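Topology and contacts: notes
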Amino acid sequence: MRTMIAKTLFQGPGNNYNVYRGCTHGCIYCDSRSSCYEIPPPFEDIIVKVNAPELALRELSRKRKKVMVHSGSMCDPYMPIEAELGLSRKVLEVILKTGNGAGFLTKNVLALRDLDLMEAIDRQAKAVACFTLTTMDDALAKRIEPRASLPSERLKALWTFAQHGITTGVWMTPLLPFLTANEENIVSIVRSCAAVQVKYIVCFDVGTTMREGSRDYFYQKLDELFPGMKRRYQAEYGLEYICKAPDHERLYSVFTEECKKAGIAWLWPDIEELTRIPDRIEQLTLF
Ligand code: SF4
């Protein structure tokens, strides 16, 4: 473990934040390994932003109205080291104290530990719990996301958050060409989400990304886990960044049709509506 004193915490119009740099979940396709993010290797030797709670308090105290802040855009906020350090929890405590709303994206059911805080945040503004699901096959997930919670466990966690009134979402990305980008998997994920009352699914397209830094690791893991698959990727995508499944258009319409049938939102304006602070709460803060 390494530590750093960060200068700022929240970034961009979405107020995204990461209390850790690097990740130990070991997903073979991880985009955060890309060189452009400049996370000093080794990626698994986590860099901890030890002053994250202080930065959160300073930056949120300056906001004139309630805002949503989101963790997990780059590195998982609930990887195992969080059980020991509790830094994501401390930032949630600040979000609660300052009256704001919070969302997270994770692959680890350790997030359930913070259910109490998420409920309290939801009462005062808005709380959104998101998990990534790239397959519903636990055995396959163990190979491609080796140290994350199993998809079946993530699904149970989504159910628990939903039962406590928290808005839940799923990021169904990436879908790996020739491995998980297929109709059976997409239908299985959407139907599983429907069964646990997931409100929305984010899927940018049916495919994955590869670039300098992430491509080498992905190919190394393909060689170990799926012999012959690297050659297939190289022939299909060369050095392309965006790698769509060959039948991505058909698969995307399978996805949208399944969402329609299940009453799950997938269009961005609908997702924004589901994840923003409700008007009645925003108006209260004006008086
Ligand atoms: S959980 Fe996210 S950040 Fe961590 S290894 Fe997997 S894809 Fe990368």
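For the structure, see preceding data.
Below is a summary of the structure that appears in this document. Worth saying up front: this structure is predicted, and the values here are computed from it rather than measured.

Definitions and limits used
- Residues numbered from 1 in each chain as written.
- Predicted model: local features only at pLDDT ≥ 70, side-chain atom pairs only at ≥ 80, totals over all residues.
- Heavy atoms only, no water.
- Helix = DSSP H or I, 4+ residues; strand = E, 2+ residues; numbered from the N terminus.
- Rg over C-alpha atoms; globule rule 2.2 N^0.38 Å.
- Buried < 20%, exposed > 50% of the residue type's maximum accessible area, 1.4 Å probe, protein only.
- Contact = heavy atoms within 4.5 Å.
- Areas by Shrake-Rupley, 256 points an atom, 1.4 Å probe, with all protein chains shown as cover.
- Lys, Arg positive; Asp, Glu negative; His and termini not counted.
- Charge placed at Lys NZ, Arg CZ, Asp CG, Glu CD.
- Polar contact = N/O pair within 3.5 Å; in protein donor to acceptor, adjacent residues only side chain to side chain.
- Pairing = 2+ DSSP bridges.
- Near = heavy atom within 4 Å.
- Nonpolar A, V, L, I, M, F, W, Y, C, P; charged D, E, K, R; others polar.

1. So, the overall build of the protein chain
Helix and strand counts for the protein chain stand at 12 helices and 11 strands. On C-alpha atoms alone, the protein chain measures out to a radius of gyration of 19 Å, which is about the 19 Å that the 2.2 N^0.38 rule sets for 287 residues. Here the C-alpha coordinates of the protein chain stretch approximately 60 × 45 × 30 Å along the principal axes. Within the protein chain, buried positions represent 54% of all 287 residues. Sequence-distant contacts in the protein chain: of pairs separated by 6 or more residues, those separated by 24 or more amount to 81%. About 13300 Å² of surface is accessible on the protein chain, with carbon and sulfur atoms providing 53% of the total. Charge separation in the protein chain, taken as the distance between the mean sites of 37 positive and 36 negative side-chain charges, equals 4 Å.

2. A closer look at the side chain of R33
You can see R33 is positioned in the loop between β3 (20-21) and β4 (47-49). A polar contact of 2.5 Å, which involves the side chain of R33, links it to the side chain of E44.

3. Digging into the sheet that holds strand β9 (residues 200-202)
Taking strand neighbours across the sheet as the criterion, the six strands line up as β2-β5-β6-β7-β8-β9 in an open arrangement whose pairing is parallel. Looking at which strands have only one partner, the edges of the open sheet turn out to be β2 (16-17) and β9. Note: strand β6 (residues 101-106) against strand β7 (residues 127-132), five bridges, orientation parallel. Bridge assignment links G103 to a residue of β7, and that residue is V128.

4. As for the sheet that holds β3
Taken in spatial order, the three strands of this open sheet run β1-β4-β3, and their pairing is mixed. Every interior strand has two partners, whereas the edge strands, β1 (2-4) and β3, have only one.

5. Description of the site of the ligand
In the vicinity of the ligand, the contacting residues are C23, H25, G26, C27, C30, M74, D76 and K107. Among the residues forming the shell around the ligand, the class breakdown is four nonpolar, two polar and two charged.

6. A word on the environment of K66
Position of K66 relative to the elements: it lies in the loop between α1 (52-61) and β5 (68-71). The buried category is assigned to K66, whose relative accessible area is 17%. Measuring from C-alpha to C-alpha, the distance between K66 and A235 comes to 49 Å, with 169 residues separating the pair along the chain. Within polar-contact distance, the side chain of K66 engages the backbone oxygen of G99 at 2.9 Å. Here Q124 takes part through its backbone oxygen, which lies 3.0 Å from a polar atom of the side chain of K66.

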